[in-house]
Amino acid sequence: IVNMPSITAQLNGLNGLVKYGLSDCSERLGFGIDTGYGSCYDDGSMQTASSFLSYSPAATDTAGLVQELNTLLCAGRLSSERQSKIVAALDDYSPAFDETGAKLRFAYQLIISTPEFHTNTVVKEGDSSRIGISGRSSGSNNDYKAVVLLYLSGGVDSFNMLPPLDCQDNLYDKYTDIRGGLSNATENPGIALPKDTLWDIPTNNG
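Model, not experiment: these values are computed from the prediction. (Residues numbered from 1 in each chain as written. Predicted model: local features only at pLDDT ≥ 70, side-chain atom pairs only at ≥ 80, totals over all residues. Heavy atoms only, no water.)

Caption draft 1: Structural view of the pattern of salt bridges. All chains considered together, the criterion is met by 3 salt bridges. A salt bridge links Lys85 to Glu81; its shortest N-O distance comes to 3.7 Å. Linking Lys85 with Glu81, this pair stays in helix H3 (residues 80–92), spanning 4 residues, or about one helical turn. On the basis of relative accessibility, which here comes to 55%, the residue Lys85 falls in the exposed class. A salt bridge links Asp98 to Arg105; the nearest nitrogen and oxygen atoms lie 3.0 Å apart. Classification of Arg105 as buried rests on a relative accessible area of 8%. (Salt bridge = Lys/Arg side-chain N within 4 Å of Asp/Glu carboxyl O. Helix = DSSP H or I, 4+ residues; strand = E, 2+ residues; numbered from the N terminus. Buried < 20%, exposed > 50% of the residue type's maximum accessible area, 1.4 Å probe, protein only.)

This is the structure:
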(Lines give C-alpha, C1' and ligand atoms only; values in the text may rest on other atoms or scores of the structure.)
Protein backbone atom coordinates (compact mmCIF):
# COMPACT_ATOMS: atom_id res chain seq x y z
CA ILE A 1 0.00 0.00 0.00
CA VAL A 2 1.41 3.38 -1.01
CA ASN A 3 0.93 5.85 1.82
CA MET A 4 2.97 8.55 3.50
CA PRO A 5 4.67 6.26 6.06
CA SER A 6 5.70 3.73 3.38
CA ILE A 7 6.98 6.48 1.05
CA THR A 8 8.96 8.08 3.89
CA ALA A 9 10.37 4.69 4.91
CA GLN A 10 11.41 3.94 1.33
CA LEU A 11 13.24 7.26 0.92
CA ASN A 12 14.88 6.90 4.34
CA GLY A 13 15.97 3.39 3.41
CA LEU A 14 17.46 4.43 0.08
CA ASN A 15 19.25 7.42 1.62
CA GLY A 16 20.58 5.22 4.41
CA LEU A 17 21.80 2.66 1.89
CA VAL A 18 23.74 5.41 0.10
CA LYS A 19 25.23 6.91 3.27
CA TYR A 20 25.93 3.83 5.42
CA GLY A 21 25.69 0.80 3.14
CA LEU A 22 23.64 -2.29 3.96
CA SER A 23 23.60 -2.24 7.75
CA ASP A 24 21.34 -1.55 10.70
CA CYS A 25 22.14 2.18 10.92
CA SER A 26 18.94 4.22 11.28
CA GLU A 27 16.91 0.99 10.97
CA ARG A 28 17.05 1.09 7.22
CA LEU A 29 14.70 -1.31 5.43
CA GLY A 30 15.13 -3.96 8.12
CA PHE A 31 18.31 -5.35 6.53
CA GLY A 32 21.78 -6.03 7.89
CA ILE A 33 21.04 -6.30 11.62
CA ASP A 34 24.25 -6.32 13.75
CA THR A 35 26.66 -6.36 10.83
CA GLY A 36 30.08 -4.83 10.44
CA TYR A 37 31.81 -2.88 13.19
CA GLY A 38 32.23 0.67 14.48
CA SER A 39 29.65 3.45 14.39
CA CYS A 40 27.27 4.98 11.87
CA TYR A 41 29.23 7.80 10.26
CA ASP A 42 28.61 9.21 6.81
CA ASP A 43 32.33 9.26 6.06
CA GLY A 44 32.55 6.75 3.23
CA SER A 45 34.11 4.01 5.37
CA MET A 46 30.84 2.04 5.63
CA GLN A 47 32.09 0.55 8.91
CA THR A 48 28.83 -1.09 9.90
CA ALA A 49 27.92 -2.36 6.42
CA SER A 50 27.93 -5.93 5.21
CA SER A 51 27.92 -4.52 1.67
CA PHE A 52 27.60 -1.12 0.04
CA LEU A 53 27.13 0.67 -3.27
CA SER A 54 30.31 1.09 -5.30
CA TYR A 55 30.71 3.02 -8.53
CA SER A 56 33.63 4.75 -10.21
CA PRO A 57 32.35 7.42 -12.61
CA ALA A 58 34.22 8.12 -15.81
CA ALA A 59 33.25 11.81 -15.77
CA THR A 60 35.71 14.36 -14.42
CA ASP A 61 33.22 17.22 -13.93
CA THR A 62 29.91 17.59 -12.12
CA ALA A 63 27.76 17.90 -15.24
CA GLY A 64 29.26 14.73 -16.68
CA LEU A 65 28.69 12.88 -13.39
CA VAL A 66 25.02 13.85 -13.36
CA GLN A 67 24.66 12.72 -16.97
CA GLU A 68 26.20 9.34 -16.13
CA LEU A 69 23.93 8.82 -13.11
CA ASN A 70 20.94 10.00 -15.14
CA THR A 71 21.64 7.19 -17.61
CA LEU A 72 22.28 4.56 -14.92
CA LEU A 73 19.51 5.42 -12.46
CA CYS A 74 16.83 7.14 -14.55
CA ALA A 75 17.35 5.70 -18.05
CA GLY A 76 18.24 9.19 -19.28
CA ARG A 77 14.82 10.66 -18.41
CA LEU A 78 15.93 13.53 -16.16
CA SER A 79 14.95 16.84 -17.73
CA SER A 80 17.69 19.34 -18.54
CA GLU A 81 16.23 21.71 -15.94
CA ARG A 82 16.33 19.06 -13.23
CA GLN A 83 19.88 18.10 -14.19
CA SER A 84 20.93 21.76 -13.96
CA LYS A 85 19.49 22.04 -10.45
CA ILE A 86 21.33 18.91 -9.33
CA VAL A 87 24.61 20.17 -10.85
CA ALA A 88 24.18 23.52 -9.07
CA ALA A 89 23.51 21.78 -5.73
CA LEU A 90 26.59 19.59 -6.14
CA ASP A 91 28.78 22.56 -7.06
CA ASP A 92 27.61 24.37 -3.90
CA TYR A 93 28.28 21.32 -1.70
CA SER A 94 31.53 21.47 0.27
CA PRO A 95 32.01 18.33 2.40
CA ALA A 96 34.48 18.45 5.25
CA PHE A 97 36.18 15.19 4.21
CA ASP A 98 36.19 12.52 1.50
CA GLU A 99 35.19 15.18 -1.06
CA THR A 100 35.01 12.88 -4.09
CA GLY A 101 33.09 10.12 -2.31
CA ALA A 102 30.84 12.52 -0.41
CA LYS A 103 29.85 14.36 -3.59
CA LEU A 104 29.07 11.08 -5.30
CA ARG A 105 26.87 9.98 -2.39
CA PHE A 106 25.16 13.38 -2.39
CA ALA A 107 24.51 13.02 -6.13
CA TYR A 108 22.90 9.62 -5.47
CA GLN A 109 20.65 11.17 -2.83
CA LEU A 110 19.57 14.03 -5.08
CA ILE A 111 18.71 11.73 -7.98
CA ILE A 112 16.79 9.17 -5.90
CA SER A 113 14.63 12.07 -4.72
CA THR A 114 13.45 12.87 -8.26
CA PRO A 115 10.15 11.66 -9.79
CA GLU A 116 12.05 10.09 -12.68
CA PHE A 117 13.83 7.65 -10.36
CA HIS A 118 10.53 6.34 -9.02
CA THR A 119 8.72 5.98 -12.35
CA ASN A 120 9.36 4.25 -15.66
CA THR A 121 7.71 6.80 -17.95
CA VAL A 122 8.55 10.31 -19.09
CA VAL A 123 7.59 12.81 -16.39
CA LYS A 124 5.70 15.80 -17.78
CA GLU A 125 5.80 19.07 -15.89
CA GLY A 126 2.44 20.73 -15.26
CA ASP A 127 1.88 24.37 -16.17
CA SER A 128 -0.33 25.14 -13.17
CA SER A 129 0.92 26.50 -9.88
CA ARG A 130 -0.03 25.36 -6.41
CA ILE A 131 -3.10 26.90 -4.85
CA GLY A 132 -2.07 29.62 -2.43
CA ILE A 133 -3.18 29.69 1.19
CA SER A 134 -4.84 32.94 2.25
CA GLY A 135 -5.67 34.23 5.67
CA ARG A 136 -2.85 32.34 7.37
CA SER A 137 -1.57 33.94 10.53
CA SER A 138 1.62 33.28 12.42
CA GLY A 139 2.21 33.56 16.13
CA SER A 140 5.89 34.28 15.65
CA ASN A 141 8.07 36.54 13.56
CA ASN A 142 10.92 34.05 13.12
CA ASP A 143 11.56 31.97 10.00
CA TYR A 144 11.01 28.58 11.63
CA LYS A 145 8.91 26.18 9.56
CA ALA A 146 7.81 22.64 10.26
CA VAL A 147 6.04 19.88 8.39
CA VAL A 148 3.59 17.92 10.54
CA LEU A 149 2.56 14.44 9.37
CA LEU A 150 -0.41 12.69 10.95
CA TYR A 151 -0.25 8.90 10.59
CA LEU A 152 -3.85 7.76 10.87
CA SER A 153 -4.37 4.05 11.34
CA GLY A 154 -7.39 2.51 9.68
CA GLY A 155 -9.11 2.64 6.33
CA VAL A 156 -8.57 5.17 3.57
CA ASP A 157 -11.46 7.27 2.28
CA SER A 158 -10.44 6.69 -1.32
CA PHE A 159 -13.51 8.52 -2.65
CA ASN A 160 -12.19 11.72 -1.06
CA MET A 161 -8.57 10.94 -1.96
CA LEU A 162 -9.38 10.70 -5.68
CA PRO A 163 -12.79 12.33 -6.18
CA PRO A 164 -14.41 12.08 -9.61
CA LEU A 165 -14.02 15.33 -11.53
CA ASP A 166 -14.99 14.96 -15.18
CA CYS A 167 -16.35 11.42 -15.22
CA GLN A 168 -19.26 9.90 -17.10
CA ASP A 169 -22.72 9.12 -15.71
CA ASN A 170 -22.75 12.21 -13.45
CA LEU A 171 -20.35 10.48 -11.09
CA TYR A 172 -19.41 13.75 -9.37
CA ASP A 173 -23.07 14.38 -8.47
CA LYS A 174 -23.37 10.87 -7.08
CA TYR A 175 -20.17 11.41 -5.10
CA THR A 176 -21.57 14.66 -3.67
CA ASP A 177 -24.80 12.93 -2.61
CA ILE A 178 -22.95 10.05 -0.94
CA ARG A 179 -20.76 12.51 0.95
CA GLY A 180 -23.77 14.42 2.24
CA GLY A 181 -23.28 17.57 0.16
CA LEU A 182 -20.44 19.99 -0.45
CA SER A 183 -18.11 20.89 2.39
CA ASN A 184 -18.43 24.63 1.66
CA ALA A 185 -22.22 24.69 1.81
CA THR A 186 -23.60 27.38 4.15
CA GLU A 187 -26.27 25.05 5.55
CA ASN A 188 -25.80 21.41 6.48
CA PRO A 189 -22.40 21.05 4.86
CA GLY A 190 -21.21 17.59 3.92
CA ILE A 191 -17.71 16.34 3.28
CA ALA A 192 -17.66 16.35 -0.53
CA LEU A 193 -14.86 18.46 -1.99
CA PRO A 194 -15.95 21.33 -4.28
CA LYS A 195 -14.83 21.08 -7.90
CA ASP A 196 -12.86 24.32 -7.76
CA THR A 197 -10.60 22.82 -5.06
CA LEU A 198 -9.74 19.70 -7.06
CA TRP A 199 -6.70 19.24 -9.28
CA ASP A 200 -7.11 17.51 -12.61
CA ILE A 201 -4.91 14.42 -13.01
CA PRO A 202 -3.93 13.96 -16.69
CA THR A 203 -4.14 10.40 -17.94
CA ASN A 204 -1.69 10.88 -20.81
CA ASN A 205 1.45 11.08 -18.67
CA GLY A 206 3.32 8.28 -20.31
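More follows now that the structure is in view.
Caption draft 2: Inspection of helix H1 (residues 4–20) at higher detail. In this model H1 runs 24 Å from its N-terminal to its C-terminal C-alpha over 17 residues, within 8% of the 24 Å that 1.5 Å per residue would give. Here H1 has its buried residues at Gly13, Asn15, Gly16, Val18 and Tyr20. Turning to H1, the residues buried within the fold contact helix H4 (99–111). At the exit of H1 stands Gly21, carrying a positive phi of roughly 80 degrees. (Expected span 1.5 Å × (residues − 1). Contact = heavy atoms within 4.5 Å.)

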